[in-house]
Every structure is written in structure tokens, then in C-alpha cells.
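# Observations on the three-dimensional arrangement
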Amino acid sequence: MNSLSYHESHSHGPLGLPFQAFSQEDPYGQYFVPYHWHEEVEILVIERGNGRLYLGADFFSLKTGSICLIPANALHLVTCEIGEALDFYAIVFHPDL
């Protein structure tokens, strides 16, 4: 697997403040983010629902109230359980911040 092909190329936040926060709501249980990696650290806060975080060769169950720290440069994938809602907040920031 060529890890460069999974690199998320867009930057998060402006150059002077490499930080981005966003929310994701999926009431229909169809959420899926394919494998990718980026130079930034990512924090996921699960507001509602169930899903999975695949981090490298490991996976972790996500449920309401889960908080996940995804290290910089880590290959990861996020998905909901099929047919189940998955609402979360994501905070993405450069480690130098």
C-alpha cells in the first residue's frame, strides 16, 4: 500500500492558525470516511451513535460519549455501524499549535 495515495492534501485552517473544528451529523447510518492521513492531530468527540475508528491495523468501537485522539500522520478511517446514526465533533490541529 502506498501511503502517499491516502494523504489528505488540503490544509486544515488558515496558514497562521492551523486549526479546524467541525461537526458531522448522519441520522441515516451511512457515514464513511475512507482511509486517509494528515500531518495534523485529530480529536473526535462522539455526540450520538455507534461506529468504528480504524487506526492503522487496530480498530476501536465508538459510542456516545467516546473521545478519540488520532495522532499526526496516522492512517485512519471512521465509519458508522450500518443503519445507525453517528454524530460527532472533530477538532483538527497541527502538533506545533
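Below you will find a few notes about this structure. (Residues numbered from 1 in each chain as written. Predicted model: local features only at pLDDT ≥ 70, side-chain atom pairs only at ≥ 80, totals over all residues. Heavy atoms only, no water.)

### Looking at the overall build of the protein chain
A tally of helices and strands in the protein chain yields zero helices and seven strands. Counting from the amino terminus, the protein chain carries its helices and strands in the arrangement β-β-β-β-β-β-β. Here the protein chain holds 97 residues, and 35% of them are scored as buried. Restricting the contact set of the protein chain to residue pairs at least 6 apart, pairs at least 24 apart contribute 74%. (Helix = DSSP H or I, 4+ residues; strand = E, 2+ residues; numbered from the N terminus. Buried < 20%, exposed > 50% of the residue type's maximum accessible area, 1.4 Å probe, protein only. Contact = heavy atoms within 4.5 Å.)

### Points about the environment of Y89
Mapped onto the elements of the fold, Y89 is located in strand β7 (residues 86–93). Distance in space between the C-alpha atoms of Y89 and I43 is 8.1 Å, their sequence separation being 46 residues. At a separation of 3.3 Å, a polar atom in the side chain of Y89 contacts the side chain of E47. (Polar contact = N/O pair within 3.5 Å; in protein donor to acceptor, adjacent residues only side chain to side chain.)

### Concerning the environment of Y6
Assignment of secondary structure puts Y6 in the segment before β1 (19–24). According to the relative accessible area criterion, Y6 is partly exposed, its value standing at 29%. Through-space distance from the C-alpha of Y6 to that of H38 is 8.8 Å; in sequence the pair is 32 residues apart.

### Here we look at a nonpolar patch on the surface
On the surface, a nonpolar cluster with roughly 280 Å² of combined accessible area is contributed by L17, F19 and L97. One can find L17 in the segment before β1. (Patch = residues over 30% accessible without salt bridge, like charges linked within 9 Å, V, L, I, M, F, W, Y side chains within 5 Å. Areas by Shrake-Rupley, 256 points an atom, 1.4 Å probe, with all protein chains shown as cover. Salt bridge = Lys/Arg side-chain N within 4 Å of Asp/Glu carboxyl O.)

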